[in-house]
Amino acid sequence: MSDITDTDNHLMREALALAIHARDEHDEIPVGALVVDADGHVIGRGWNRNIGDQDPSAHAEIVAMREAGRAVGNHRLIGATLYVTLEPCAMCAMAMIHARVSRVVFGAYDPKTGAAGSVFDLLGDPRHNHRVSITGGVLAEEAGSMLTNYFRTKRGLAPR
């Protein structure tokens, strides 16, 4: 895990705004993601779209990487950093490896399906031909609270 920068905090706030959009405008699980190229330009944005798109692969990270790939005209996102409000799952982690994403910065840790060190460490597995640098816990409390309250509301419980 690497150190958190001011840029990381700023871009995680943008990802959190996408998560709020997912929750408030689409009633999707509030996860937001964006891809930034090596020069610091946002080249892909996404939020969870699984429910609305009826697509189990439409996680925020996948949606953002698809948009980024179209923006650069390549399936490889070399030098890119992916910001996401929740620790990536195994599917998203492997997509990052295949896309050759350089770094992932995430908010809340996922103790059930996290694949960036919580449950699995797919991104750091030395058997892969590519490694993704990981920075976790950026604005974790805010990201985690948003998810917890979304699910509490769905269960008819008061938000915390």
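Notes on the structure follow. All of these numbers come straight from a predicted model, not from anything done at the bench. (Residues numbered from 1 in each chain as written. Predicted model: local features only at pLDDT ≥ 70, side-chain atom pairs only at ≥ 80, totals over all residues. Heavy atoms only, no water.)

Helix-helix packing is described using two parameters, namely the angle between the two axes and the distance between the axes. With their axes 11 Å apart at the nearest point, helix α1 (residues 6-26) and helix α5 (residues 140-154) run at an angle of 10° to one another. Taken together, the axes of α1 and α5 are roughly parallel relative to one another. Contacts between α1 and α5 involve R13, L16, A19, I20 and R23 from the former and E142, A143, M146 and Y150 from the latter. Partitioning the contact of α1 with α5 into residue classes produces six nonpolar, no polar and three charged. (Axes fitted to C-alpha atoms, helices over the stretch in contact; angles between N-to-C directions. Helix = DSSP H or I, 4+ residues; strand = E, 2+ residues; numbered from the N terminus. Parallel < 35°, antiparallel > 145°, perpendicular 65-115°, else oblique. Contact = heavy atoms within 4.5 Å. Nonpolar A, V, L, I, M, F, W, Y, C, P; charged D, E, K, R; others polar.)

A full pass over the atoms with the stated rule returns two aromatic pairs. Look at F106 and Y109: their rings are 4.9 Å apart centre to centre, the planes differ by 85°, and that puts the pair in the edge-to-face class. For F106, a relative accessible area of 0% corresponds to the buried category. Judged by relative accessible area, which is 40%, Y109 ranks as partly exposed. Plain terms: the ring middles of Y150 and F151 are 5.2 Å apart, the flat faces sit at 80° to each other, and that makes the pair edge-to-face. Residue classification places Y150 among the buried positions, given a relative accessible area of 8%. Here F151 falls in the partly exposed class, since its relative accessible area comes to 29%. (Phe/Tyr/Trp six-rings, centres within 6.5 Å; stacked < 30°, edge-to-face > 60°. Buried < 20%, exposed > 50% of the residue type's maximum accessible area, 1.4 Å probe, protein only.)

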